[in-house]
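Observations on the three-dimensional arrangement
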Amino acid sequence: MKKVPVQFTLNGEDKAEFVESGATLLKALREKIGDTSVKAGCQQGTCGSCAVIVDGELRLSCLTLAERCDGAAIETTGGLAHGEVLHPLQRAFNEGFATQCGFCTPGMIMAAKALLDGNPQPSREDVVEAISGNICRCTGYEPIIQAILAAARANSLSAA
Amino acid sequence: MELRKEYFADERKDDLKEIGQPRLRSDALGHVTGTTTFFADRNLPGLLHLKMVRSPHHHARIRAIDLSEAGRHPGVVRILTADDVPHNVYTILTLIQVGPEDETVLATDKVRWKGEAIVAILADSERAAHEAAERVKVDYEVLPAVLSIDEALAPGAPIVNEYHGQNYYRYDSGESRKVRFGDVEAGFAGADHILEQTYGSGPIEHAPTETTGCIVVPEGSGRYTCYTNTQAMFFTLDNTSIILQMDGAKLHMVGGTVGGGFGGKVDVIVEPIAILGAKLTGRPVSFIYSREEEMQISSPRAAEKLVIKDGVMRDGRIVARYVKAYIDAGAYSRHSPYGAQKSAAHFPGPYTVPNVWVDSHCVYTNRTPSSAMRGFGVTIGDFALEVQMDKLARLVGMDPLEFRFVNAYRDGDMKAHRQPTEGAALIECMQEAARASNWPVSEKYLQMSSARREG
Amino acid sequence: MGLGLKTFPTLAAAGEALAASATARYLGGGTLVVRSANEGDVRFDTYVTASEQALTDITVADGRATIGAGVTMARIVREPALGFLAPVAKAVGGAAIRNMATVGGNLFAPVPYGDFAVALLALDANLDIDGQPVAASTFLAGRDTTHARALVRSVSFALPVDGTFKFAKASRIRPKGVSVVTIAAVVEERAGTISSARIAYGCMADRPIRAPAVEMALVGKARTAEGIAAALAVATEGTTPPTDAIASAWYRSEVLPVHLKRLLLSA
Ligand SMILES: Cc1cc2nc3c(=O)[nH]c(=O)nc-3n(C[C@H](O)[C@H](O)[C@H](O)COP(=O)(O)OP(=O)(O)OC[C@H]3O[C@@H](n4cnc5c(N)ncnc54)[C@H](O)[C@@H]3O)c2cc1C
């Protein structure tokens with residue numbers, strides 16, 4: 001299989017890899033770079049567990065070809081914390097019982113981050129809309145919605 | 001959170017330190033940082049990908065399997081067939097003496113449901129495995145299929161599973177699990193009203209976000225480490241040991257982190273064949289269901305058909321309850337004979353009824369084998385019972401909640417399967433639910449207690 | 001054997017590569033093609049795509065809009081000059097899908113997908129295929145025959161008069177999900193009666209279709225409950241709705257007139 005070089009930044013760090021032509025970003029991140037915070041839940045685009053942020057936009061890494069991310073800035077939940085210091089979304093998910101099995105959590109946090117990056121004070125409706133492409137089978141979503149709203153409030157307090 | 005400590009205050013010491021306190025989940029920090037290790041979160045050099053070739057028919061005889069082209073396909077390392085499996089016909093519950101063995105790990109002469117595993121391809125890449133799977137040629141003679149409980153039990157129906165000989169499980173008690181309590185016929189004869197209704201449900205898939213799977217690593221010690229998301233670690237260990245005729249000490253099962261299970265990961269399906277693949281190739285093997293396999297292949301909650309006939313008095317007392325339950329196991333037993341048995345014991349629900357008759361059948365059809373799911377064997381029964389309770393309440397002109405107070409079981413009542421009721425808190429739960437939801441309930445029901453009957 | 005990606009500077013060059021290989025597939029945003037590959041579709045082994053500028057351009061001028069086939073749903077939501085299409089683009093998938101799903105891919109999306117294509121059909125859009133205008137209706141009719149391997153550069157349509165474009169998508173999950181039925185309409189009125197109507201359905205056949213019987217029954221009528229009654233009576237004429245995991249054909253036929261009525265009577 002033909003290999004092609006790809007360079008991008010992952011959570012601010014430079015990465016250069018040879019990937020198989022036609023391979024998905026999901027495979028490149030998990031299998032080449034070892035960022036297993038990105039989860040393979042369906043590889044059909046329906047569950048959102050593999051969601052990452054590419055150049056500021058939420059994407060499904062399972063449907064994105066790695067080669068097309070050459071030069072991009074990629075963010076994943078694996079790189080969100082600064083050492084021991086959690087991102088406000090991570091803190092809110094942890095404290096608000098917004099995780100159960102944890103499998104959807106990284107993708108859910110990315111969807112939430114993409115929302116808050118563009119809309120720091122979202123309404124509940126905005127939150128529901130923003131995570132409508134992410135499936136959680138455990139929580140019933142309410143704790144997740146509350147955690148995202150809590151993180152937005154925490155953000156506005158720290159910005160004030 | 002609010003604790004209502006006035007209930008059962010005399011039954012406990014009021015020294016609760018943890019209950020009622022918020023405590024962070026011990027695993028949540030890993031979840032929010034993406035560092036929780038699920039079984040698939042490991043990269044292994046030389047990993048092989050296992051892909052199943054599955055039956056496209058509900059019921060068919062296999063005349064021949066031609067692997068020549070698939071075997072030559074680039075990237076294919078090995079193809080497993082039934083001949084490779086040391087103990088190919090098994091049943092999970094053999095561990096608790098429930099037989100007969102009725103399911104093949106890989107099909108031999110017949111497939112009994114659409115999706116049944118026939119041969120396993122082991123290849124260097126998923127793509128190569130998919131390409132090779134397309135090149136496997138199976139010659140089928142399609143057979144008539146039964147796709148519902150009624151079709152399966154109709155006279156002259158094609159036999160789904162020859163290991164049983166008829167389209168239902170034969171218990172030591174006969175064609176069904178039976179509960180006999182009091183005299184239902186006498187109960188019906190003395191009842192003011194009789195209501196008979198039939199309830200049905202379709203199969204329900206658990207749809208966990210993480211699909212079923214495992215990764216197996218052959219170790220230098222001769223052991224096999226199997227990273228799995230099974231919900232039934234010891235069932236998996238013991239059944240794998242039987243299927244592979246391999247000493248359990250050689251099997252190192254690693255699990256406990258499950259990306260959603262809900263009962264859907266208790267069957268022993270992926271591990272034995274993946275371990276066999278690792279053994280025969282000497283390489284690590286990954287067998288992970290695609291989303292489509294998770295939805296179509298992994299066992300769902302069983303479809304059920306329930307006939308409930310009740311005799312009820314004008315004052316709301318249920319005096320007789322007759323239940324015929326049919327649980328659709330699909331083509332193989334898996335956990336269903338046990339599920340149907342649980343279903344029998346669960347009737348007549350959390351109510352005290354003096355005359356009860358229950359027959360619960362485990363039925364075989366050419367559908368995807370069903371198995372455990374939250375409240376296994378009882379959830380659909382509860383749905384039917386509670387709809388029936390509402391209908392009965394309407395029939396006698398009572399409020400549905402008050403109707404349930406009249407019939408609720410209490411401590412000391414003998415249940416239909418002859419276990420005395422203990423620790424029943426149904427009355428108190430309903431009282432609290434009525435208060436919390438502002439549902440008006442007459443005072444006499446608010447004075448009731450599970451611990452003693454009034455008067 | 002394996003998969004590969006080939007990117008060409010022009011759509012024409014991509015077209016040549018496609019013509020040369022039966023096992024090559026054009027790649028738009030990839031939400032459907034990459035999904036197929038992930039699911040084990042081995043009928044193709046090469047993704048072909050083009051980086052031509054026109055594919056991602058949006059121009060709105062002289063009462064006409066032209067949208068490159070590679071424009072994503074998210075781009076359309078953000079485009080002020082295409083505000084009336086924002087609800088359509090927003091109805092496609094979740095946030096991540098919208099950042100990837102293109103207009104071109106939507107034209108090829110099999111039922112129950114293709115919500116944007118339903119709107120294009122009601123707008124009577126033309127597609128640019130090899131520099132030639134092809135009506136959306138003609139294209140869709142020949143989607144898996146004459147136009148199966150056609151490459152679409154852009155779509156263009158006359159901007160509808162303010163307030164005449166209507167769109168509804170019924171789905172079974174909130175806030176959104178895959179379509180039970182999708183309806184787009186351009187209904188113009190003059191002096192209290194309907195002067196022209198173009199109605200398009202999604203999920204009422206194996207691809208987006210127009211509803212000519214409804215259109216005919218609307219013209220000359222008032223946009224009131226009585227006025228549209230005759231149109232609703234023929235709402236399902238010419239439809240062959242699919243049965244899938246979302247809804248049965250029967251259910252789709254039952255709810256179509258309800259949604260059509262609400263849509264036609266909406267402000
Ligand atoms: C989870 C999920 C939810 C979805 N929800 C919706 C929904 O609500 N509504 C909806 O309408 N769709 C939905 N879709 C389907 C799909 O995302 C959209 O239809 C999308 O617009 C397809 O565009 P694409 O660019 O991703 O297509 P691709 O996958 O890139 O291509 C799809 C097909 O179109 C062909 N193609 C693409 N561009 C061109 C072109 N310029 N010229 C010729 N051929 C071309 C490709 O060769 C391929 O055959 C959903 C998909 C997923 C995975």
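The numbering scheme is per chain: residues are counted from 1 as the chain's sequence reads. Chain A is the first chain written and ligand 1 is the first ligand written, with later ones labelled in order. Residue-level local features of this predicted model are given only where pLDDT is at least 70; pairs of side-chain atoms are given and counted only at 80 or more, and the full residue set underlies all totals for whole chains, interfaces and linings. With hydrogens and water stripped out, all remaining heavy atoms of the structure feed into the side-chain values.

In the nomenclature of an unreviewed UniProt entry, chain B corresponds to CO/xanthine dehydrogenase Mo-binding subunit from the organism Mycoplana azooxidifex.

Chain A has the name Carbon-monoxide dehydrogenase small subunit in an unreviewed UniProt entry, where Mycoplana azooxidifex is given as its organism.

Considerations on the overall build of chain A
Runs of H or I in DSSP of at least four residues are treated as helices and runs of E of at least two as strands, each being numbered from the N terminus. Looking only at helices and strands, chain A features five helices and five strands. For 160 residues, the compact-globule estimate of 2.2 N^0.38 gives 15 Å, and chain A sits close to it at 16 Å. Taking the principal axes of the C-alpha coordinates as reference, chain A spans close to 50 × 35 × 25 Å. Three exposure classes are used, based on accessible area relative to the maximum for each residue type with a 1.4 Å probe and protein chains only: buried under 20%, partly exposed in between, and exposed over 50%. Burial analysis of chain A (160 residues in total) assigns 55% to the buried set. Accessible area of chain A: about 6,300 Å², with a carbon and sulfur share of 49%. Counting rule for charge: Lys and Arg are taken as positive, Asp and Glu as negative, and neither His nor the chain ends is counted. Charge placement uses NZ in Lys and CZ in Arg. For Asp and Glu, CG and CD serve respectively. Charge separation in chain A, taken as the distance between the mean sites of 14 positive and 18 negative side-chain charges, equals 6 Å. The reference for a compact globule is 2.2 Å times residues^0.38; the radius of gyration itself is calculated from the C-alpha atoms. Shrake-Rupley sampling with a 1.4 Å probe provides the accessible areas, and residues are treated as covered by the protein chains on show and by no other component.

Remarks on the overall build of chain B
Looking only at helices and strands, one finds 13 helices and 17 strands in chain B. The contact criterion used throughout is that any non-hydrogen atoms of two residues lie within 4.5 Å. Pairs at least 24 apart in sequence give 78% of the contacts found in chain B among residues at least 6 apart. In the form shown here, chain B has an accessible surface area of approximately 19,300 Å², with 52% of it arising from carbon and sulfur atoms. Averaging the coordinates of the 51 positive side-chain charges in chain B and doing the same for the 60 negative ones gives two points 0 Å apart.

Some details on the site of the ligand
Within the structure, the ligand sits among 31 residues, and C:Tyr26, C:Gly29, C:Thr31, C:Thr102 and C:Asp115 are positioned closest to it. Summary of the distance rule: residues count as near a molecule or strand when at least one heavy atom falls within 4 Å of that molecule or strand. Lying at an intersection of chains, the ligand is approached by residues of chains A and C. Bound to the protein, the ligand loses 93% of the 960 Å² it would expose on its own. Sort the elements by how many residues they give to the shell around the ligand and helix α6 (residues 103-108) of chain C lands first, with four residues. The residue inventory of the shell around the ligand, partitioned by class, reads 15 nonpolar, 13 polar and three charged. Amino acid classes used here: Ala, Val, Leu, Ile, Met, Phe, Trp, Tyr, Cys and Pro are nonpolar; Asp, Glu, Lys and Arg are charged; the rest, including Gly, are polar.

Observations regarding the domain arrangement of chain A
All names here are of chain A. Its domain assignment divides chain A into domain 1 (3-79) and domain 2 (88-159). Domain segmentation is taken from an automatic or database assignment of domains. On a C-alpha basis, the centroid separation for the pair domain 1 and domain 2 is 21 Å. In this assembly, 15 residues from domain 1 lie in contact with 14 residues from domain 2. By definition, the buried area sums, over both parts, the 1.4 Å-probe accessible area that each loses when the two are put together. A buried area of about 1,200 Å², summed over both sides, lies between domain 1 and domain 2, and 61% of it is on carbon and sulfur atoms. Salt bridges, as used here, are contacts in which a Lys or Arg side-chain nitrogen is within 4 Å of a carboxyl oxygen on Asp or Glu. Run the count over domain 1 and domain 2 and you get one salt bridge. Notably, a salt bridge pairs Glu75 with Lys113, separated by 2.6 Å at the nearest N-O pair. Residues adjacent in sequence count toward polar contacts only when both atoms are side-chain atoms; beyond that, a polar contact is any pair of N or O atoms within 3.5 Å, and within protein one must be able to donate a hydrogen and the other to accept it. For the interface between domain 1 and domain 2, the tally reads four residue pairs in polar contact (both at pLDDT 80 or more). Among the elements that line the side of domain 1 that touches domain 2, the one with the most residues is strand β3 (residues 51-54), at three residues.

Considerations on the interface of chain C and chain B
Each partner contributes to the interface: chain C provides ten residues, whereas chain B provides six residues. Between chain C and chain B lies a buried interface of about 670 Å² when both sides are counted; carbon and sulfur atoms form 57% of it. Counting every contact that joins chain C to chain B gives zero salt bridges. Between chain C and chain B we count one residue pair in polar contact (both at pLDDT 80 or more) in total. Considering only residue class, the side of chain C that touches chain B consists of four nonpolar, three polar and three charged.

Things to note about the UniProt feature "domain: Aldehyde oxidase/xanthine dehydrogenase a/b hammerhead" (unreviewed entry) in chain B
UniProt positions are given in the numbering used here, feature names are shortened, and annotations may be inferred rather than shown by experiment. As annotated by UniProt and renumbered to match this structure, "domain: Aldehyde oxidase/xanthine dehydrogenase a/b hammerhead" (unreviewed entry) occupies residues 33-144 of chain B. For residues 33-144 of chain B, helix accounts for 13% and strand for 34%, while the C-alpha atoms at its two ends are 52 Å apart.

Quick notes on the packing of aromatic side chains
All names here are of chain B. The rule is short: rings of Phe, Tyr and Trp, with Trp giving its six-membered ring, pair when the centres are within 6.5 Å, and they are stacked under 30 degrees, edge-to-face over 60, tilted in between. For the coordinates displayed, the defined rule picks out eleven aromatic pairs over all chains. On the numbers, 4.8 Å between centres and 75 degrees between planes, the contact of Tyr169 with Tyr171 is edge-to-face. A relative accessible area of 7% means that Tyr171 is categorised as buried. On the numbers, 6.0 Å between centres and 50 degrees between planes, the contact of Tyr338 with Phe376 is tilted. Of this pair, Tyr338 sits in helix α9 (residues 336-346) while Phe376 sits in the loop between β17 (356-364) and α10 (379-396); the two residues are 38 residues apart in sequence, bridging distant segments of the chain.

What to know about helix α7 (residues 115-122) of chain C
Residues and elements named next belong to chain C. The element α7 is largely enclosed, with a buried count of eight among its eight residues. Here α7 has its buried residues at Asp115, Phe116, Ala117, Val118, Ala119, Leu120, Leu121 and Ala122. A positive phi of about 60 degrees marks Asp124, the residue just after α7.

Some remarks on the confidence of the model for chain B
In low-pLDDT segments, the atomic positions of the prediction should not be examined closely. Looking at chain B as a whole, the pLDDT averages 96, with 100% of positions reaching at least 70. The complex model carries a pTM of 0.95, and its ipTM stands at 0.97. Residue-level confidence of the predictor is summarised by pLDDT, bounded by 0 at the bottom and 100 at the top.

Focus: the sheet that holds strand β3 (residues 76-80) of chain B
Residue and element names in this part refer to chain B. Within the open sheet, the seven strands sit side by side as β3-β7-β1-β14-β11-β12-β13. Their pairing is mixed. A single partner strand is all that each edge strand has here, and the edge strands are β3 and β13 (251-254). Averaged over all neighbouring strand pairs, the angle between strand axes comes to 25 degrees, with direction disregarded. Pairing between strands requires that DSSP locate at least two bridges from one strand to the other. Pairing geometry for strand β11 (residues 213-218) and strand β12 (residues 224-228), over five bridges, is antiparallel. Across the sheet, the residue bridging to Cys214 is Thr228, located in β12. Axis definition: a line fitted to C-alpha atoms, over the contacting stretch in the case of helices. Angles run 0 to 180 degrees between N-to-C directions.

Section: the nonpolar core
Nonpolar core, defined: a set of buried Ala, Val, Leu, Ile, Met, Phe, Trp, Tyr and Cys residues in which side-chain atoms within 4.5 Å join the residues together. Ranked by size, the top nonpolar core spans 110 residues in total, and within it A:Ile74, A:Phe93, A:Ile148, C:Tyr47, C:Ile67 and C:Leu85 carry the most contacts. Among all residues touching A:Ile148, those that are not within four sequence positions of it are A:Leu89, A:Phe93, A:Ala112, A:Leu115, A:Leu116, A:Val127 and A:Ile131. Counting residues in each nonpolar core, the second largest holds 52 residues, with B:Ile92, B:Ile243, B:Val285 and B:Ala331 among its members.

Some thoughts on the pattern of salt bridges
A complete count under the given rule lists 51 salt bridges over all chains for this structure. A salt bridge links B:Arg334 to B:Asp267; its shortest N-O distance comes to 3.3 Å. Within this pair, whereas B:Arg334 is found in the loop between β16 (318-330) and α9, its partner B:Asp267 is found in the loop between β13 and α7 (270-281), the two being separated by 67 residues in sequence. For the residue pair B:Arg334 and B:Asp267, the accessibility class agrees, reading buried in each case. Each of A:Lys27, A:Glu31 and B:Glu126 takes part in a single network of salt bridges with overlapping partners.

Some points on the interface of chain B and chain A
Listed by partner, the interface residues are 29 residues for chain B and 32 residues for chain A. Summed over both sides, the interface of chain B with chain A buries roughly 2,400 Å², with 57% coming from carbon and sulfur. Counting the surface chain B buries against chain A, the share from its top three residues, B:His31, B:Val32 and B:Thr209, is 26%. Counting the contacts that link chain B with chain A gives three salt bridges. Our count for the chain B to chain A interface comes out at twelve residue pairs in polar contact (both at pLDDT 80 or more).

Focus on the environment of C:Ala200
Residue and element names in this part refer to chain C. Along the polypeptide, Ala200 turns up in strand β11 (residues 193-202). For Ala200, a relative accessible area of 0% puts it in the buried group. When the C-alpha atoms of Ala200 and Gly227 are compared, they prove to be 19 Å apart, with 27 residues separating the residues in sequence. Excluding its chain neighbours within four sequence positions, the residues that come into contact with Ala200 are Val118, Leu121, Ala122, Thr182, Ile183, Ala184, Ile209 and Arg210.

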